[in-house]
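Spelled out from the first residue to the last, the chains are:
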Amino acid sequence: MQSANVLLKKIVRSSVLPFAAQHGMKKDLFPLSRTLSVSFCLKQDNSCSPSEKLDLDAWKNVMKSGLQEEVSEMVSEPRELSTLAAAREILEMWRLAGRSVPENISEEQLKTFVECPSKSAKKKYLKYLHLKELYKKNDKRKMDEKRERRLETASKTDETRRNSFVCLWANCMDRAYSWRVAQSMIFGQPLVFDMSYEKDMSVREVANTVRQMVLSEGCNRRSVDPFHIHFCNFKDDSLYHKEFIKHYREAWGKLLITVTDQCYTDVFPKDKLIYLTADSPKVMKTFDHNKIYIVGSMVDRSVKTGVSLARAKRLGLETAALPLEKYLLWNTGAKNLTLDQMMHILLTLKDTGDWKKALEFVPKRKYYGFVSKPVHELKKNLNLINTLKLGKRQEEVRKQFAKNYSKKLTQK
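The rules behind the values
Residues numbered from 1 in each chain as written. Predicted model: local features only at pLDDT ≥ 70, side-chain atom pairs only at ≥ 80, totals over all residues. Heavy atoms only, no water. Helix = DSSP H or I, 4+ residues; strand = E, 2+ residues; numbered from the N terminus. Expected span 1.5 Å × (residues − 1). Buried < 20%, exposed > 50% of the residue type's maximum accessible area, 1.4 Å probe, protein only. Polar contact = N/O pair within 3.5 Å; in protein donor to acceptor, adjacent residues only side chain to side chain. Contact = heavy atoms within 4.5 Å. Pairing = 2+ DSSP bridges.

Student: Just to check I follow, could you spell out helix H13 (residues 339–351) for this structure?
Tutor: One turn of the α-helix equals 3.6 residues, which is why residues spaced by three or four share an orientation. In this model H13 runs 18 Å from its N-terminal to its C-terminal C-alpha over 13 residues, within 8% of the 18 Å that 1.5 Å per residue would give. Most of H13 is tucked away: eleven of the 13 residues are buried. Listed as buried for H13 are Leu339, Asp340, Gln341, Met342, Met343, Ile345, Leu346, Leu347, Thr348, Leu349 and Lys350. A positive phi of about 75° marks Gly353, the residue just after H13.

Here is the structure:
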(Lines give C-alpha, C1' and ligand atoms only; values in the text may rest on other atoms or scores of the structure.)
Protein backbone atom coordinates (compact mmCIF):
# COMPACT_ATOMS: atom_id res chain seq x y z
CA MET A 1 0.00 0.00 0.00
CA GLN A 2 2.79 2.41 0.80
CA SER A 3 4.44 1.66 -2.50
CA ALA A 4 1.19 2.57 -4.29
CA ASN A 5 0.95 5.92 -2.52
CA VAL A 6 4.58 6.76 -3.34
CA LEU A 7 3.99 5.84 -6.95
CA LEU A 8 0.89 8.07 -7.07
CA LYS A 9 2.85 11.01 -5.63
CA LYS A 10 5.56 10.61 -8.23
CA ILE A 11 3.02 10.48 -11.06
CA VAL A 12 1.19 13.60 -9.85
CA ARG A 13 4.40 15.58 -9.29
CA SER A 14 5.94 14.58 -12.60
CA SER A 15 2.86 15.14 -14.78
CA VAL A 16 0.25 17.44 -13.24
CA LEU A 17 2.42 20.05 -11.56
CA PRO A 18 4.61 21.00 -14.60
CA PHE A 19 1.56 21.06 -16.85
CA ALA A 20 -0.31 23.33 -14.45
CA ALA A 21 2.68 25.61 -13.99
CA GLN A 22 3.11 26.09 -17.74
CA HIS A 23 -0.55 26.62 -18.70
CA GLY A 24 -1.83 28.52 -15.68
CA MET A 25 -4.35 25.85 -14.69
CA LYS A 26 -3.23 25.35 -11.09
CA LYS A 27 -6.40 26.71 -9.65
CA ASP A 28 -8.57 24.31 -11.65
CA LEU A 29 -6.40 21.24 -11.29
CA PHE A 30 -5.78 21.67 -7.59
CA PRO A 31 -9.15 20.47 -6.24
CA LEU A 32 -9.36 17.74 -8.89
CA SER A 33 -5.96 16.22 -8.11
CA ARG A 34 -6.53 16.57 -4.40
CA THR A 35 -9.84 14.77 -4.51
CA LEU A 36 -8.42 12.07 -6.73
CA SER A 37 -5.48 11.39 -4.47
CA VAL A 38 -7.46 11.54 -1.23
CA SER A 39 -10.34 9.49 -2.56
CA PHE A 40 -7.93 6.89 -3.90
CA CYS A 41 -6.29 6.62 -0.52
CA LEU A 42 -9.62 6.37 1.27
CA LYS A 43 -10.91 3.72 -1.06
CA GLN A 44 -7.79 1.60 -0.87
CA ASP A 45 -7.01 1.90 2.77
CA ASN A 46 -8.69 4.02 5.39
CA SER A 47 -5.72 3.49 7.72
CA CYS A 48 -3.34 5.70 5.74
CA SER A 49 -1.38 8.14 7.84
CA PRO A 50 -1.45 11.92 7.00
CA SER A 51 2.26 11.92 6.33
CA GLU A 52 1.81 9.50 3.46
CA LYS A 53 -0.72 11.80 1.66
CA LEU A 54 0.06 14.58 -0.84
CA ASP A 55 2.02 17.63 0.31
CA LEU A 56 -0.78 20.17 0.14
CA ASP A 57 1.40 23.11 1.25
CA ALA A 58 3.74 22.62 -1.67
CA TRP A 59 0.75 22.36 -3.98
CA LYS A 60 -0.69 25.63 -2.61
CA ASN A 61 2.62 27.43 -3.11
CA VAL A 62 2.70 26.33 -6.74
CA MET A 63 -0.87 27.53 -7.30
CA LYS A 64 -0.16 30.90 -5.64
CA SER A 65 2.86 31.46 -7.85
CA GLY A 66 0.72 30.78 -10.95
CA LEU A 67 -1.94 33.24 -9.77
CA GLN A 68 0.70 35.93 -9.17
CA GLU A 69 1.98 35.50 -12.73
CA GLU A 70 -1.53 35.92 -14.13
CA VAL A 71 -2.13 39.05 -12.03
CA SER A 72 1.22 40.52 -13.11
CA GLU A 73 0.31 39.90 -16.76
CA MET A 74 -3.05 41.64 -16.30
CA VAL A 75 -1.46 44.62 -14.51
CA SER A 76 1.17 44.95 -17.23
CA GLU A 77 -1.55 45.80 -19.75
CA PRO A 78 -1.99 49.59 -20.04
CA ARG A 79 -4.84 50.98 -18.03
CA GLU A 80 -5.60 53.52 -20.73
CA LEU A 81 -6.68 50.82 -23.13
CA SER A 82 -9.14 49.43 -20.66
CA THR A 83 -10.63 52.84 -19.92
CA LEU A 84 -10.83 53.72 -23.62
CA ALA A 85 -12.46 50.39 -24.40
CA ALA A 86 -15.01 50.94 -21.63
CA ALA A 87 -15.70 54.45 -22.90
CA ARG A 88 -16.13 53.13 -26.45
CA GLU A 89 -18.64 50.55 -25.24
CA ILE A 90 -20.57 53.22 -23.36
CA LEU A 91 -20.69 55.40 -26.47
CA GLU A 92 -21.93 52.45 -28.52
CA MET A 93 -24.71 51.83 -26.00
CA TRP A 94 -25.70 55.50 -26.05
CA ARG A 95 -25.72 55.53 -29.84
CA LEU A 96 -27.99 52.47 -29.94
CA ALA A 97 -30.22 54.16 -27.37
CA GLY A 98 -30.77 57.07 -29.76
CA ARG A 99 -28.61 59.72 -28.20
CA SER A 100 -26.62 62.25 -30.25
CA VAL A 101 -23.37 60.30 -30.41
CA PRO A 102 -21.03 60.22 -33.43
CA GLU A 103 -20.77 56.96 -35.33
CA ASN A 104 -17.02 57.16 -35.86
CA ILE A 105 -14.77 58.54 -33.13
CA SER A 106 -10.98 58.61 -33.15
CA GLU A 107 -8.62 57.71 -30.33
CA GLU A 108 -7.75 61.36 -29.64
CA GLN A 109 -11.42 62.34 -29.49
CA LEU A 110 -12.09 59.39 -27.16
CA LYS A 111 -9.26 60.52 -24.86
CA THR A 112 -10.65 64.08 -24.72
CA PHE A 113 -14.07 62.59 -23.96
CA VAL A 114 -12.66 60.59 -21.05
CA GLU A 115 -10.77 63.64 -19.75
CA CYS A 116 -13.90 65.82 -19.62
CA PRO A 117 -14.42 67.03 -16.05
CA SER A 118 -18.20 66.57 -15.82
CA LYS A 119 -21.06 64.66 -17.38
CA SER A 120 -22.54 67.77 -18.98
CA ALA A 121 -19.19 68.57 -20.56
CA LYS A 122 -19.08 65.05 -21.99
CA LYS A 123 -22.58 65.44 -23.41
CA LYS A 124 -21.71 68.78 -25.00
CA TYR A 125 -18.54 67.36 -26.51
CA LEU A 126 -20.42 64.38 -27.94
CA LYS A 127 -23.09 66.69 -29.36
CA TYR A 128 -20.37 68.83 -30.98
CA LEU A 129 -18.78 65.74 -32.57
CA HIS A 130 -22.20 64.51 -33.71
CA LEU A 131 -23.05 67.83 -35.40
CA LYS A 132 -19.60 67.99 -36.97
CA GLU A 133 -20.10 64.50 -38.40
CA LEU A 134 -23.53 65.47 -39.76
CA TYR A 135 -22.08 68.57 -41.45
CA LYS A 136 -19.35 66.46 -43.05
CA LYS A 137 -21.90 63.96 -44.31
CA ASN A 138 -24.05 66.77 -45.71
CA ASP A 139 -21.08 68.36 -47.47
CA LYS A 140 -20.08 65.00 -48.89
CA ARG A 141 -23.62 64.39 -50.13
CA LYS A 142 -23.69 67.80 -51.82
CA MET A 143 -20.31 67.18 -53.44
CA ASP A 144 -21.50 63.81 -54.71
CA GLU A 145 -24.65 65.37 -56.17
CA LYS A 146 -22.58 68.12 -57.77
CA ARG A 147 -20.20 65.53 -59.21
CA GLU A 148 -23.13 63.57 -60.61
CA ARG A 149 -24.57 66.71 -62.20
CA ARG A 150 -21.18 67.49 -63.73
CA LEU A 151 -20.95 63.98 -65.10
CA GLU A 152 -24.42 64.27 -66.56
CA THR A 153 -23.67 67.61 -68.20
CA ALA A 154 -20.33 66.28 -69.41
CA SER A 155 -22.03 63.26 -70.94
CA LYS A 156 -24.59 65.51 -72.62
CA THR A 157 -21.91 67.80 -73.98
CA ASP A 158 -19.91 64.79 -75.12
CA GLU A 159 -22.92 63.55 -77.03
CA THR A 160 -23.37 66.91 -78.71
CA ARG A 161 -19.69 67.18 -79.53
CA ARG A 162 -19.38 63.75 -81.06
CA ASN A 163 -20.02 65.19 -84.46
CA SER A 164 -16.62 65.90 -85.97
CA PHE A 165 -18.08 68.63 -88.14
CA VAL A 166 -18.97 70.71 -85.08
CA CYS A 167 -15.43 70.43 -83.73
CA LEU A 168 -14.00 71.30 -87.11
CA TRP A 169 -16.33 74.31 -87.35
CA ALA A 170 -15.28 75.54 -83.89
CA ASN A 171 -11.59 75.28 -84.76
CA CYS A 172 -12.13 77.04 -88.06
CA MET A 173 -14.11 79.84 -86.40
CA ASP A 174 -11.41 80.27 -83.78
CA ARG A 175 -8.80 80.62 -86.50
CA ALA A 176 -11.04 83.06 -88.39
CA TYR A 177 -11.49 85.22 -85.28
CA SER A 178 -7.75 85.24 -84.69
CA TRP A 179 -7.13 86.20 -88.30
CA ARG A 180 -9.57 89.11 -88.08
CA VAL A 181 -7.96 90.44 -84.90
CA ALA A 182 -4.51 90.08 -86.46
CA GLN A 183 -5.69 92.11 -89.46
CA SER A 184 -7.20 94.75 -87.17
CA MET A 185 -3.79 95.21 -85.53
CA ILE A 186 -2.51 96.37 -88.92
CA PHE A 187 -5.51 97.98 -90.61
CA GLY A 188 -8.15 98.34 -87.89
CA GLN A 189 -9.37 101.36 -85.95
CA PRO A 190 -7.61 101.70 -82.56
CA LEU A 191 -9.56 101.69 -79.30
CA VAL A 192 -7.69 102.80 -76.17
CA PHE A 193 -8.28 101.64 -72.59
CA ASP A 194 -6.85 104.07 -70.06
CA MET A 195 -5.24 101.95 -67.30
CA SER A 196 -4.25 104.83 -65.02
CA TYR A 197 -7.12 104.55 -62.51
CA GLU A 198 -5.69 101.87 -60.24
CA LYS A 199 -5.17 104.30 -57.36
CA ASP A 200 -8.82 105.39 -57.48
CA MET A 201 -10.14 101.85 -56.92
CA SER A 202 -9.90 99.09 -54.34
CA VAL A 203 -8.54 95.61 -55.04
CA ARG A 204 -12.04 94.21 -55.51
CA GLU A 205 -12.98 97.00 -57.93
CA VAL A 206 -9.81 96.40 -59.94
CA ALA A 207 -10.76 92.71 -60.19
CA ASN A 208 -14.25 93.68 -61.44
CA THR A 209 -12.69 96.05 -63.97
CA VAL A 210 -10.40 93.35 -65.33
CA ARG A 211 -13.33 90.93 -65.57
CA GLN A 212 -15.26 93.46 -67.66
CA MET A 213 -12.21 94.04 -69.87
CA VAL A 214 -11.87 90.29 -70.46
CA LEU A 215 -15.50 90.23 -71.62
CA SER A 216 -14.81 93.25 -73.83
CA GLU A 217 -11.81 91.54 -75.43
CA GLY A 218 -13.88 88.42 -76.15
CA CYS A 219 -16.70 90.50 -77.66
CA ASN A 220 -14.25 92.42 -79.84
CA ARG A 221 -12.60 89.18 -80.96
CA ARG A 222 -15.92 87.71 -82.16
CA SER A 223 -17.05 90.82 -84.03
CA VAL A 224 -17.04 91.20 -87.80
CA ASP A 225 -14.77 94.25 -87.82
CA PRO A 226 -12.85 94.28 -84.49
CA PHE A 227 -10.97 97.18 -82.96
CA HIS A 228 -7.23 97.24 -82.42
CA ILE A 229 -7.24 97.35 -78.63
CA HIS A 230 -4.52 99.35 -76.83
CA PHE A 231 -3.84 99.13 -73.09
CA CYS A 232 -2.07 102.41 -72.33
CA ASN A 233 -0.45 103.45 -69.02
CA PHE A 234 -0.13 99.74 -68.21
CA LYS A 235 2.55 98.75 -65.69
CA ASP A 236 3.93 95.24 -65.27
CA ASP A 237 3.76 95.16 -61.46
CA SER A 238 0.26 96.66 -61.21
CA LEU A 239 -2.90 95.02 -59.92
CA TYR A 240 -4.27 95.08 -63.46
CA HIS A 241 -1.39 92.86 -64.58
CA LYS A 242 -1.88 90.35 -61.74
CA GLU A 243 -5.62 90.05 -62.40
CA PHE A 244 -5.08 89.60 -66.15
CA ILE A 245 -2.63 86.76 -65.47
CA LYS A 246 -5.22 85.12 -63.18
CA HIS A 247 -7.77 85.17 -66.00
CA TYR A 248 -5.64 84.40 -69.04
CA ARG A 249 -2.71 82.50 -67.47
CA GLU A 250 -0.46 81.29 -70.28
CA ALA A 251 -2.64 82.90 -72.97
CA TRP A 252 -1.80 86.40 -71.69
CA GLY A 253 1.33 86.56 -73.79
CA LYS A 254 -0.55 85.34 -76.89
CA LEU A 255 -3.33 87.97 -76.92
CA LEU A 256 -3.57 89.99 -80.11
CA ILE A 257 -3.62 93.39 -78.38
CA THR A 258 -1.09 96.17 -77.83
CA VAL A 259 0.09 96.73 -74.25
CA THR A 260 2.29 99.72 -73.42
CA ASP A 261 3.28 101.76 -70.40
CA GLN A 262 3.23 104.97 -72.44
CA CYS A 263 0.42 107.48 -72.39
CA TYR A 264 -1.96 107.56 -75.37
CA THR A 265 -0.94 111.16 -76.07
CA ASP A 266 2.59 109.88 -76.76
CA VAL A 267 1.36 107.13 -79.08
CA PHE A 268 -1.37 108.94 -81.08
CA PRO A 269 -1.84 112.56 -82.21
CA LYS A 270 -4.02 114.62 -79.86
CA ASP A 271 -6.34 115.91 -82.59
CA LYS A 272 -7.57 112.36 -83.24
CA LEU A 273 -8.22 111.40 -79.62
CA ILE A 274 -11.74 111.61 -78.08
CA TYR A 275 -12.21 110.71 -74.42
CA LEU A 276 -15.61 109.06 -73.77
CA THR A 277 -16.94 110.10 -70.37
CA ALA A 278 -20.44 110.47 -68.95
CA ASP A 279 -19.49 113.85 -67.40
CA SER A 280 -18.72 115.49 -70.73
CA PRO A 281 -20.94 118.46 -71.71
CA LYS A 282 -20.56 117.54 -75.38
CA VAL A 283 -22.88 114.84 -76.71
CA MET A 284 -21.67 112.38 -79.31
CA LYS A 285 -23.85 112.58 -82.44
CA THR A 286 -22.25 110.14 -84.86
CA PHE A 287 -19.50 107.57 -84.80
CA ASP A 288 -16.34 108.82 -86.50
CA HIS A 289 -14.20 106.08 -88.03
CA ASN A 290 -11.20 108.40 -88.28
CA LYS A 291 -11.10 109.18 -84.56
CA ILE A 292 -9.53 107.19 -81.74
CA TYR A 293 -11.85 106.75 -78.77
CA ILE A 294 -10.55 106.39 -75.22
CA VAL A 295 -12.43 104.50 -72.48
CA GLY A 296 -11.48 104.81 -68.81
CA SER A 297 -10.83 101.42 -67.19
CA MET A 298 -13.05 101.87 -64.15
CA VAL A 299 -16.10 100.15 -62.70
CA ASP A 300 -19.45 101.84 -62.14
CA ARG A 301 -19.32 101.83 -58.36
CA SER A 302 -15.92 103.46 -58.06
CA VAL A 303 -16.43 106.22 -60.65
CA LYS A 304 -16.17 109.62 -59.05
CA THR A 305 -17.86 112.55 -60.72
CA GLY A 306 -15.52 114.40 -63.04
CA VAL A 307 -12.41 112.22 -62.60
CA SER A 308 -12.10 111.15 -66.21
CA LEU A 309 -13.27 114.56 -67.45
CA ALA A 310 -10.60 116.31 -65.37
CA ARG A 311 -7.93 113.96 -66.71
CA ALA A 312 -9.00 114.64 -70.30
CA LYS A 313 -8.95 118.39 -69.72
CA ARG A 314 -5.50 118.22 -68.15
CA LEU A 315 -4.21 116.50 -71.26
CA GLY A 316 -6.07 118.91 -73.56
CA LEU A 317 -8.22 116.21 -75.20
CA GLU A 318 -11.68 116.38 -76.76
CA THR A 319 -14.43 114.70 -74.75
CA ALA A 320 -17.82 113.25 -75.61
CA ALA A 321 -20.74 111.49 -73.91
CA LEU A 322 -23.24 109.00 -75.32
CA PRO A 323 -26.63 110.53 -76.27
CA LEU A 324 -28.58 108.52 -73.74
CA GLU A 325 -31.22 111.18 -72.97
CA LYS A 326 -31.84 111.79 -76.65
CA TYR A 327 -32.82 108.22 -77.43
CA LEU A 328 -33.77 106.80 -74.01
CA LEU A 329 -36.31 107.92 -71.44
CA TRP A 330 -34.00 107.60 -68.45
CA ASN A 331 -35.37 106.22 -65.21
CA THR A 332 -32.92 106.25 -62.31
CA GLY A 333 -29.25 105.78 -61.64
CA ALA A 334 -26.06 107.19 -63.06
CA LYS A 335 -25.43 107.21 -66.80
CA ASN A 336 -22.26 105.15 -66.43
CA LEU A 337 -22.04 101.85 -68.27
CA THR A 338 -19.79 98.85 -67.85
CA LEU A 339 -16.80 98.33 -70.12
CA ASP A 340 -18.31 95.34 -71.95
CA GLN A 341 -21.52 97.32 -72.57
CA MET A 342 -19.46 100.18 -74.00
CA MET A 343 -17.64 97.71 -76.25
CA HIS A 344 -20.95 96.30 -77.55
CA ILE A 345 -22.28 99.81 -78.23
CA LEU A 346 -19.13 100.99 -80.03
CA LEU A 347 -18.93 97.83 -82.17
CA THR A 348 -22.60 98.16 -83.17
CA LEU A 349 -22.11 101.82 -84.05
CA LYS A 350 -19.03 100.95 -86.04
CA ASP A 351 -20.85 98.24 -88.02
CA THR A 352 -24.32 99.81 -88.46
CA GLY A 353 -24.28 103.44 -87.29
CA ASP A 354 -27.76 102.90 -85.74
CA TRP A 355 -28.04 104.45 -82.28
CA LYS A 356 -31.25 102.63 -81.35
CA LYS A 357 -29.73 99.30 -82.19
CA ALA A 358 -26.54 100.15 -80.31
CA LEU A 359 -28.31 101.44 -77.17
CA GLU A 360 -30.20 98.16 -76.80
CA PHE A 361 -27.16 96.98 -74.81
CA VAL A 362 -27.97 99.51 -72.06
CA PRO A 363 -29.58 97.65 -69.10
CA LYS A 364 -33.37 97.93 -69.31
CA ARG A 365 -33.68 98.66 -65.60
CA LYS A 366 -32.13 102.09 -66.21
CA TYR A 367 -34.71 103.46 -68.65
CA TYR A 368 -38.44 103.25 -69.37
CA GLY A 369 -38.09 102.86 -73.11
CA PHE A 370 -36.96 104.49 -76.34
CA VAL A 371 -38.16 108.01 -77.10
CA SER A 372 -40.96 107.91 -79.69
CA LYS A 373 -42.63 111.24 -78.82
CA PRO A 374 -41.26 114.69 -77.96
CA VAL A 375 -39.38 114.60 -74.70
CA HIS A 376 -41.48 117.28 -72.94
CA GLU A 377 -44.71 115.32 -73.41
CA LEU A 378 -43.10 112.16 -72.10
CA LYS A 379 -41.81 114.04 -69.06
CA LYS A 380 -45.32 115.21 -68.25
CA ASN A 381 -46.62 111.67 -68.38
CA LEU A 382 -43.76 110.62 -66.16
CA ASN A 383 -44.65 113.29 -63.64
CA LEU A 384 -48.18 111.93 -63.49
CA ILE A 385 -46.85 108.42 -62.96
CA ASN A 386 -44.60 109.64 -60.19
CA THR A 387 -47.44 111.42 -58.44
CA LEU A 388 -49.46 108.21 -58.53
CA LYS A 389 -46.51 106.33 -57.09
CA LEU A 390 -46.14 108.86 -54.28
CA GLY A 391 -49.75 108.27 -53.27
CA LYS A 392 -51.16 111.79 -53.58
CA ARG A 393 -54.87 112.43 -53.62
CA GLN A 394 -56.89 111.85 -56.74
CA GLU A 395 -58.06 115.46 -56.86
CA GLU A 396 -54.51 116.80 -57.13
CA VAL A 397 -53.77 114.35 -59.92
CA ARG A 398 -56.93 115.40 -61.76
CA LYS A 399 -56.08 119.08 -61.44
CA GLN A 400 -52.58 118.53 -62.79
CA PHE A 401 -53.95 116.49 -65.67
CA ALA A 402 -56.51 119.25 -66.44
CA LYS A 403 -53.82 121.92 -66.50
CA ASN A 404 -51.68 119.91 -68.89
CA TYR A 405 -54.66 119.24 -71.13
CA SER A 406 -55.69 122.93 -71.19
CA LYS A 407 -52.14 123.93 -72.13
CA LYS A 408 -52.22 121.51 -75.05
CA LEU A 409 -55.51 123.01 -76.27
CA THR A 410 -54.22 126.58 -76.08
CA GLN A 411 -51.08 125.63 -77.98
CA LYS A 412 -53.20 124.16 -80.77
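From this point, the narrative continues.
Student: Explain the side chain of Asn233 to me, please; I cannot follow it from the model alone.
Tutor: Note that Asn233 resides in the loop between strand S2 (228–232) and helix H9 (239–248). A polar contact is formed between the side chain of Asn233 and the side chain of Asp194, at a distance of 3.1 Å. Beyond its immediate chain neighbours, meaning those up to four positions away, Asn233 contacts Asp194, Met195, Ser196, Thr260, Asp261, Gln262, Cys263, Tyr264 and Arg311.

Student: How should the sheet that holds strand S4 (residues 273–276) be read in this particular structure?
Tutor: In sheet architecture, strand pairing relies on hydrogen bonds along the backbone and comes in two forms, parallel and antiparallel. Across the sheet, which stays open at both edges, the six strands sit in the order S3-S2-S1-S5-S4-S6 with parallel pairing between neighbours. Two strands bound the open sheet, and with one partner strand each, they are strand S3 (258–259) and strand S6 (318–320). By the bridge criterion, two bridges tie S2 to S3 in an arrangement that is parallel. Across the sheet, residue His230 finds its bridge partner in S3, namely Thr258.

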